[in-house]
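# Tertiary structure, described
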Amino acid sequence: MAILRLADYLFPRSCPLCGLPLLAPGPAAGAVLCEGCSGKLKPIQGEVCLRCGKPLISELGLCMRCRERSWPFDAAMSLYSYRDEAAALIGAYKFRSRFSLASFLAEACAARLESRWPGLPLVPVPFRRKKIVDKGWDQVEALSKRLEARGFQVLRLLERLPSGEQKRLGLEARLDNARKAYRLKPGETVPSALVLIDDVFTTGATAAACAEALKDGGAATVYFLALASD
Ligand SMILES: [Zn+2]
Ligand SMILES: [Zn+2]
């Protein structure tokens, strides 16, 4: 009985987005979503901001946000815009612990990494310990493990210190808070170029704080990959 339930958890029989039964469930890319939903899932393509990777609508080169501020990372890229099917997908992965989606998302990350920033080591953004205790797993680490199995070098260089809740703060306060929350693990050596990875890119405070810590530690170039950005 327990084995059956575990199998269902690892290889779910229903689409996480619409709930329709899956005919050929399995961990391979495509088989974790029904055909209809995988067809509607649109990765970010076309013109994007040169710094943060957001899709551009009428701007050229840089988005409005990146015209007003600079980032400590050199460029960022996200697989999806955080809405519609992509938001449901990331939500299912992040909040409803659809563990089976880790392989699907890792495949998507691998393809983007190999085409844009090939051969660079990956540095995962560390999760909050409390969240791991609450939810029982670290979704960025689950993704990192799968990328590692595909041959990517993963360097767990950063650590997360306990800090206050981010949600109710303005951007500057968030940046300041995040800066205190992430640091390089003592004694670690930082490569000169690397890709920081996280699940969602929202205000950018976390990515900025981690990139700053890595640059202070000796990185010359820090790129940032997120599953989705809003
Ligand atoms: Zn579906
Ligand atoms: Zn931008």
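This text gives an overview of the structure that appears in the document. Residue positions are given per chain, counted from 1 along the sequence in the order it is written. Each chain takes a letter, starting from A, and each ligand takes a number, starting from 1, following the order in which they are written. Restriction of local features to residues with pLDDT of at least 70 applies here, the model being predicted, together with a cutoff of 80 or more for giving and counting side-chain atom pairs; totals for whole chains, interfaces and linings are based on all residues. Side-chain calculation: all heavy atoms of the structure are included, whereas hydrogens and water are not.

### Points about the overall build of the chain
To qualify as a helix, a DSSP run of H or I must reach at least 4 residues; to qualify as a strand, a run of E must reach at least 2; elements of each kind are numbered from the N terminus. Along its length, the chain carries nine helices and six strands. Scored against the burial criterion, the 230 residues of the chain give a buried share of 46%. As displayed, the chain has an accessible area near 11700 Å², and 56% of this comes from carbon and sulfur atoms. For the exposure calls, accessible area comes from a 1.4 Å probe over protein chains only, and a residue counts as buried if that area is under 20% of its type's maximum, exposed if over 50%, partly exposed in between. Using a 1.4 Å probe, the Shrake-Rupley method yields the accessible areas, and only the shown protein chains count as cover for residues.

### Examining the sheet that holds strand 6 (residues 221–229)
Here the rule is simple: two strands pair whenever DSSP picks up at least two bridges between them. Judged by pairing direction, the sheet is parallel, and its four strands sit side by side in the order 1-6-5-2 without closing on themselves. Every other strand in the sheet has two partners, leaving strand 1 (75–81) and strand 2 (122–124) as the edge strands with one partner each. In this sheet, adjacent strand axes meet at a mean angle of 25° when their direction is disregarded. Alignment of strand 2 against strand 5 (residues 193–201), held across three bridges, turns out to be parallel. Residue pairing for strand 5: P124 is matched across the bridge by I197. Contacts are assigned to residue pairs with any non-hydrogen atoms lying within 4.5 Å of each other. The axes used here are C-alpha line fits, helices contributing only the stretch in contact, and every angle between their N-to-C directions lies in the interval 0 to 180 degrees. Where helix 4 (residues 84–94) meets the sheet, it contacts strand 1, strand 5 and strand 6, and its direction lies at approximately 100° from that of strand 1. Seen against the sheet, helix 7 (residues 139–149) touches strand 2, strand 5 and strand 6 and runs at an angle of roughly 135° to strand 5.

### A word on the coordination of the zinc ion (ligand 2)
For Na, K and Ca the donor cutoff is 3.2 Å, while for all other metals N, O and S atoms must lie within 2.8 Å; water is not among the atoms, so some sites may look incomplete. Taken together, the protein donors to the zinc ion (ligand 2) comprise C49 (SG), C52 (SG), C63 (SG) and C66 (SG), at separations of 2.2 to 2.4 Å. The coordination sphere of the zinc ion (ligand 2) comprises four donor atoms, whose angles at the metal cover 105 to 117°; the geometry is tetrahedral. The sequence pattern formed by the donor residues of the zinc ion (ligand 2) is C-x2-C-x10-C-x2-C. Considered together, C49 and C52 belong to a single accessibility category, that of buried residues. By the criteria applied here, four donors are tetrahedral when all angles lie between 85 and 135 degrees, four are square planar and six octahedral when opposite donors are over 155 degrees apart and every other angle lies between 65 and 115, and any other arrangement is irregular.

### What to know about the packing of aromatic side chains
Classification of ring pairs rests on two measures: the distance between centres of Phe, Tyr or Trp rings, Trp counted by its six-membered ring, which must be within 6.5 Å, and the angle between planes, read as stacked under 30 degrees, edge-to-face over 60 and tilted in between. Summed over the entire model, instances satisfying the criterion amount to six aromatic pairs. Their ring planes at 65° and their centres at 6.1 Å tell us that W71 and F201 sit as a pair that is edge-to-face. Of this pair, W71 sits in the loop between helix 3 (64–68) and strand 1 while F201 sits in strand 5, placing them 130 residues apart in sequence. For the pair W71 and F201, one class covers both residues: buried.

### Quick look at the coordination of the zinc ion (ligand 1)
The protein atoms that coordinate the zinc ion (ligand 1) are C15 (SG), C18 (SG), C34 (SG) and C37 (SG), at distances spanning 2.3 to 2.4 Å. Coordination at the zinc ion (ligand 1) is tetrahedral: its four donor atoms span angles of 104 to 116° at the metal. Every donor residue of the zinc ion (ligand 1) comes from the same chain, spaced as C-x2-C-x15-C-x2-C. Here the residue C15 occupies a position in the loop between helix 1 (2–10) and helix 2 (35–40), and C37 occupies one in helix 2, the gap between them amounting to 22 residues. For the pair C15 and C37, one class covers both residues: buried.

### Quick look at the environment of T202
With respect to the secondary-structure elements, T202 resides in the loop between strand 5 and helix 9 (205–216). On the basis of relative accessibility, which here comes to 33%, the residue T202 falls in the partly exposed class. Between the alpha carbons of T202 and A228 there is a distance of 8.6 Å; along the sequence they are 26 residues apart. Once residues lying within four places of it in the same chain are set aside, the contact partners of T202 are R65 and D230.

### Regarding helix 8 (residues 171–181)
For helix 8, the complete set of buried residues consists of R174, L175, N177, A178 and A181. Within helix 8, the buried residues cover an arc of 170° as seen down the axis, which keeps them to one side. Seen from the buried face of helix 8, the exposed residues on the opposite side, beyond 90 degrees, are E172 and K180. Check the buried side of helix 8 and you find it contacts strand 3 (158–160), strand 4 (182–184) and helix 9. It is the directions from the helix axis to the C-beta atoms whose arc is reported.

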